[in-house]
Amino acid sequence: MKYESQKVAKLYFVAAIGLFVGQILFGLVMGLQYIVGDFLFPEIPFNVARMVHTNLLIVWLLFGFMGAAYYLVPEEAETELFAPWLAKLMFWIFLAAGAATILGYLLVPYATLAELTMNDLLPTMGREFLEQPTITKLGIVVVALAFLFNIGMTILKGRKTVVNLVLLMGLTGLAVFFLFSFYNPVNVVMDKYYWWWVVHLWVEGVWELILGSILAFILIKTTGVDREVIEKWLYIIVAMTLITGIIGTGHHYYWIGTPAFWQWWGSIFSAMEPIPFFMMTVYAFNMVNKRRRNHPNKAAVLWALGTAVMAFLGAGVWGFLHTLAPVNYYTHGTQITAAHGHMAFYGAYVMIVLAMISYSMPMMRGREACNSARAQSMEMWSFWLMTISIIFITLFLTGAGILQVYLQRFSDNPMPFMVVQEKITLFYWLREIAGLVFLLGLVLYIASFFVGKNEPEATVELAK
Amino acid sequence: MAQAFTKAMARNIFYVGTLFFFLLFLALTFQTHSTLPDRDNRQAINDTVALGKKVWEQNDCIGCHTLLGEGAYFAPELGNVYKRFGSTDAIKAFIASRPKDGIPGRRSMPQFNLSDEELTAVAEFLKYVSGIKTNNWPPSPQG
Amino acid sequence: MCIIRLIQFWTCENRETIMEKNNWPPGDLVIWFFILAELLVFGVFFAAYAFTRANNVELFNEYQLHLDRNAALINTVALITSSYFVVRAVAAIRDDNSKGCFHWLLAALFMGVVFLVVKGMEYHHHFSLGINLSTNTFYMFYLSLTFFHFLHVILGMIILLAVALKARSGGYSAAEHTGVETGASYWHMVDLVWMILFPLVYVMR
């Protein structure tokens with residue numbers, strides 16, 4: 001760590017990990033509700049648990065992205081952060097708004113929350129992932145603008161690296177496309193059409209710019225490979241991401257009232273969306289193989305390689321499985337989608353944030369470069385537990401989804417939804433067990449911050 | 001070969017490629033808009049449907065159900081529920097009759113205590129959605 | 001597979017030596033990566049066209065007659081001519097003739113403009129009849145394929161223009177003209193795609 005103001009990232013990372021725990025706990029609640037339908041009913045109905053689960057995910061990833069930006073932008077720009085106080089202020093505002101929103105979901109019925117926050121003035125609530133009260137959405141815009149201002153000014157006054165520029169473009173795109181969440185016409189087709197401009201253009205567009213630049217930063221730092229080489233790759237990967245991903249939005253426009261030509265455009269372009277993820281995997285391994293130094297923070301390198309592989313599997317392979325229109329006709333809106341969503345989010349975004357935390361946290365906590373060997377070993381255990389359990393969650397949900405598609409849509413006598421759900425309960429049990437293993441991994445992950453604090457840092461020799 | 005591949009080249013491809021495909025996306029969006037009046041059943045939209053969408057949103061129905069395949073996968077698809085149930089009255093009766101404390105051991109829809117006007121509105125909203133041309137999705141009436 | 005080979009090649013240690021020894025590929029390597037990617041997209045589009053046509057032969061044959069084959073023929077000639085001009089431009093710069101290179105590129109650009117005007121008139125005709133992507137499957141493919149190609153012609157012309165301007169200001173030489181070869185490669189790709197598109201969409205019955 002070269003600049004004092006980078007330390008502001010620590011706040012963001014601590015909050016991110018805390019909210020991550022909440023997300024997983026509510027995930028387990030939902031997983032159980034899939035099996036024991038009346039679990040916690042009517043206190044926490046499924047839709048409330050789901051809102052909490054998905055909104056916590058989004059919020060903690062945003063905390064993670066912001067923390068990552070506050071850490072890496074000053075270091076790349078070679079200057080102190082423009083306004084550390086603003087970063088701290090925005091942290092508390094965002095945390096308070098986030099916590100208030102989550103408590104609102106849990107403490108009062110959603111309709112009451114809508115009434116309390118005067119949703120009628122500008123109705124934006126009640127759409128998947130955008131359930132936040134309008135006032136919270138406005139708060140997100142304010143926080144995002146202040147954040148962009150802070151980051152932008154820092155970049156402006158310092159060195160302009162490709163990593164910083166791509167990151168800034170990604171973050172700006174994130175803020176710009178979020179504005180479509182305020183557009184909510186009665187016309188359901190138009191509503192859905194532009195809803196995807198937030199959701200798809202986030203996770204399959206601008207977020208990948210953020211992912212790419214954070215990964216590039218970590219690779220530059222841990223491998224010592226020439227910056228020029230890594231930055232070239234970064235440009236090509238994000239170019240391919242947007243070239244395939246923008247028109248790839250079409251894979252959401254098959255069955256929502258939009259015209260049939262999207263079935264061709266969407267299939268062809270989204271079928272190529274795995275290419276940038278594949279390139280990312282090739283590049284990450286290449287850079288590590290060509291490394292000029294052995295970084296003692298083995299855990300961070302593991303997370304970085306892990307994200308490259310898991311993003312390719314989750315977003316690339318599992319996305320491709322059901323992206324072609326004739327396949328998607330049967331799989332649209334089933335557990336197959338859920339399977340893909342879980343692995344893609346974990347692989348692409350959870351892991352990159354954890355990689356950044358793994359790389360930067362030891363230095364922000366006063367270490368020279370990394371944690372003790374014992375802490376790292378525990379962190380790597382948590383890596384494998386979480387990663388393997390998410391693979392199993394994905395496999396079990398895929399199994400559930402294939403059966404669901406067959407029984408409910410494909411067989412000669414399609415069965416009603418609820419009948420099918422009972423027939424695939426076994427898969428939900430297995431998924432829940434895998435989820436518990438994931439929680440165990442998460443507990444170990446947090447514990448790794450508290451073990452071996454008094455032991456010396458791992459050295460390259462020890463790390464080998 | 002003086003230079004195999006420069007960073008400037010990669011950068012240009014990124015900027016030009018992104019602009020190129022974003023403009024293409026806008027063109028396709030424009031094209032989509034011109035076809036929507038024949039597909040999105042907009043002539044069925046009225047004040048009742050608008051109220052229905054509000055009720056739909058303010059009770060977070062999408063948190064359990066899918067609508068045209070999008071939403072949560074905990075409860076049945078509702079884009080075609082009007083066709084599956086056969087009438088708005090059947091939809092209203094179903095929503096109104098949900099037990100307050102659920103069904104032991106099973107999934108149950110919460111009792112939302114909707115007024116008759118709200119019940120009518122949400123049923124009319126679902127009827128409107130069932131008239132959207134979805135390229136014959138879902139594959140079976142079970143959704 | 002080509003792409004995987006290309007990545008392997010691109011990342012292998014002695015890439016530069018191999019390339020210098022064989023002077024291959026012409027132009028910038030990365031443009032070949034994109035040319036392959038582009039050909040892949042067009043290839044998939046063409047395959048989808050062929051597959052769908054096989055299932056709707058009568059519909060496709062009927063509406064194919066509504067297309068203006070003469071206009072397409074003019075455009076084919078325009079693109080072939082422009083590709084020839086581009087070849088001359090590359091030859092000129094290999095002789096260290098910047099001015100000649102610039103002029104040949106201008107000529108190629110002029111043929112590009114001819115293509116855009118003729119194609120634009122065709123589109124004007126279709127749109128005035130109210131034809132769009134949703135009219136029927138044939139028009140969906142016809143408009144998608146030709147419009148996607150149309151945009152590539154525009155992009156190719158922008159690239160050629162940038163190369164031409166740099167050539168005029170003496171930015172290339174016989175020793176160093178990767179940029180000219182790169183732009184030329186891209187333009188030949190755009191031409192090549194039309195050479196497949198024209199018979200497939202306009203002529204084949």
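Each value, and the rule that gives it
Residues numbered from 1 in each chain as written. Chains lettered and ligands numbered in written order. Predicted model: local features only at pLDDT ≥ 70, side-chain atom pairs only at ≥ 80, totals over all residues. Helix = DSSP H or I, 4+ residues; strand = E, 2+ residues; numbered from the N terminus. Rg over C-alpha atoms; globule rule 2.2 N^0.38 Å. Contact = placed C-beta atoms within 7 Å. Buried ≥ 20, exposed ≤ 12 C-beta atoms within 10 Å, placed from the backbone. Expected span 1.5 Å × (residues − 1). Nonpolar A, V, L, I, M, F, W, Y, C, P; charged D, E, K, R; others polar. pLDDT = per-residue confidence, 0-100. Axes fitted to C-alpha atoms, helices over the stretch in contact; angles between N-to-C directions. Parallel < 35°, antiparallel > 145°, perpendicular 65-115°, else oblique. Left-handed = near helix turned anticlockwise from the far one by under 90°. Core = buried A, V, L, I, M, F, W, Y, C linked by C-beta atoms within 7 Å. Domains from an automatic or database assignment.

Undergrad: Provide a residue-level description of the overall build of chain B, including the pertinent values.
TA: When you go through chain B residue by residue, the secondary structure sums to 5 helices and 2 strands. Reading chain B from its N terminus to its C terminus gives the helix and strand order α-α-β-β-α-α-α. The C-alpha atoms of chain B give a radius of gyration of 22 Å, which is well past the 15 Å a tight globule of 143 residues would have. C-alpha atoms of chain B, sized along the principal axes, occupy 75 × 40 × 30 Å. Within chain B, contacts between residues separated by at least 24 positions form 65% of all contacts whose residues are at least 6 apart in sequence.

Undergrad: Break down the overall build of chain A for me, with residues and values.
TA: A count of helices and strands for chain A gives 17 helices and 0 strands. For 464 residues, the compact-globule estimate of 2.2 N^0.38 gives 23 Å, and chain A sits close to it at 22 Å. C-alpha atoms of chain A, sized along the principal axes, occupy 65 × 45 × 45 Å. Classification of the 464 residues of chain A by burial places 60% in the buried group. For chain A, long-range pairs separated by at least 24 residues make up 81% of all intrachain contacts whose partners lie at least 6 apart in sequence.

Undergrad: Tell me about helix H5 (residues 134-157) of chain A, and please be specific about residues and values.
TA: Residue and element names in this part refer to chain A. The terminal C-alpha atoms of H5 lie 35 Å apart, and with 24 residues this matches the ideal 34 Å at 1.5 Å per residue to within 8%. Taken together, the buried positions of H5 are Thr134, Thr136, Ile140, Val143, Ala144, Phe147, Asn150, Ile151, Thr154 and Ile155. At its buried positions, H5 is contacted by helix H2 (46-77), helix H3 (84-107) and helix H6 (162-178).

Undergrad: Help me get a handle on the interface of chain A and chain B, residues and values and all.
TA: Contact residues are listed per partner, giving 58 residues for chain A and 63 residues for chain B. Split by residue class, the side of chain A that touches chain B holds 35 nonpolar, 13 polar and 10 charged.

Undergrad: Describe helix H16 (residues 425-447) of chain A, with residues and values.
TA: All names here are of chain A. For H16, spanning 23 residues, the distance from its first C-alpha to its last is 33 Å, which sits close to the expected 33 Å at 1.5 Å a residue. Restricting attention to buried positions, one finds in H16 the residues Phe427, Tyr428, Arg431, Ala434, Gly435, Phe438, Gly441, Leu442 and Tyr445. Where H16 is buried, its residues contact helix H1 (8-35) and helix H14 (373-410).

Undergrad: Give me the confidence of the model for chain B: which residues, what numbers.
TA: Any segment with low pLDDT has predicted coordinates that should not be analysed in fine detail. The predicted model of chain B averages 94 in pLDDT, with 97% of residues at 70 or higher. Confidence estimates for the predicted assembly give a pTM of 0.90 and an ipTM of 0.96.

Undergrad: Which residues make up the packing of H1(A) against H2(A), and what are the values?
TA: Residue and element names in this part refer to chain A. At a minimum axis separation of 8 Å, H1 and H2 run at an interaxial angle of 160°. Considering their axes alone, H1 and H2 lie roughly antiparallel with respect to each other. Here H1 runs over H2; the crossing is left-handed. Among the residues forming the contact of H1 with H2, the class breakdown is 22 nonpolar, 7 polar and 1 charged.

Undergrad: Summarise unusual backbone geometry; cite the residues concerned and give the values.
TA: A cis amide bond, omega 5°, links A:Phe41 with the succeeding residue A:Pro42. Structurally, A:Pro42 is set in the loop between H1 and H2. Of note, the bond from B:Trp137 into B:Pro138 is cis; its omega dihedral lies within 30 degrees of zero at 0°. Relative to the helices and strands, B:Pro138 resides in the segment after helix H5 (116-130). One non-glycine residue, A:Glu78, lies in the positive phi region at around 55°. When you line up the elements, A:Glu78 lands in the loop between H2 and H3. Assessed through the 12 C-beta atoms surrounding it within 10 Å, A:Glu78 is described here as exposed. Of note in the backbone geometry, B:Asn41 takes a positive phi value of approximately 55° without being a glycine.

Undergrad: Please provide a residue-by-residue account of the confidence of the model for chain A, values included.
TA: The share of residues in chain A with pLDDT of 70 or more is 99%, and the mean pLDDT across the chain is 96. The lowest-confidence element of chain A is helix H17 (residues 460-463) of chain A, averaging 58 in pLDDT; the highest-confidence one is H1(A), averaging 98.

Undergrad: Describe the nonpolar core, and please don't skip the residues or the numbers.
TA: Among the nonpolar cores identified, the biggest contains 249 residues, and C:Ala89 and C:Leu105 are the most heavily contacted of them. At 23 residues, helix H7 (residues 188-223) of chain A tops the list of elements feeding residues into this core. Residues from two domains meet in this core; each of domain 1 (7-38) and domain 2 (41-143) of chain B gives at least three. Apart from the residues lying within four places of it in its own chain, the contact partners of C:Leu105 are C:Ala89, C:Leu160, C:Val163, C:Ala164 and C:Ala167.

Undergrad: Mind laying out the environment of C:Ser82, listing which residues take part and the relevant values?
TA: Residue and element names in this part refer to chain C. Positionally, Ser82 belongs in helix H5 (residues 69-94). Among the residues examined, Ser82 registers 29 C-beta atoms within 10 Å and is labelled buried. The spacing of Ser82 and Leu106 is 24 residues in sequence and 9.5 Å in space, taken between C-alpha atoms. Leave out the neighbours within four places in its chain, and Ser82 touches Ala108, Met111 and Gly112.

Undergrad: Can you lay out the packing of H6(A) against helix H8 (residues 227-248) of chain A for me, pointing to particular residues and giving the numbers?
TA: All names here are of chain A. One can describe the packing of H6 onto H8 by two numbers: an axis separation of 10 Å at closest approach and a directional angle of 25°. Taken together, H6 and H8 sit at an angle that is classed as roughly parallel. In this structure, H6 crosses over H8, and the sense of that crossing is left-handed. Contacts between H6 and H8 pair Val162, Val163 and Val166 from the former with Glu231, Leu234, Tyr235 and Val238 from the latter.

Undergrad: Go over the environment of B:Leu24 with me, naming the residues and quoting the values.
TA: Residue and element names in this part refer to chain B. Tracing the backbone through its elements, the reader meets Leu24 in helix H1 (residues 7-35). For Leu24, a count of 17 C-beta atoms within 10 Å translates into the label partly exposed. Measuring from C-alpha to C-alpha, the distance between Leu24 and Ser108 comes to 45 Å, with 84 residues separating the pair along the chain.

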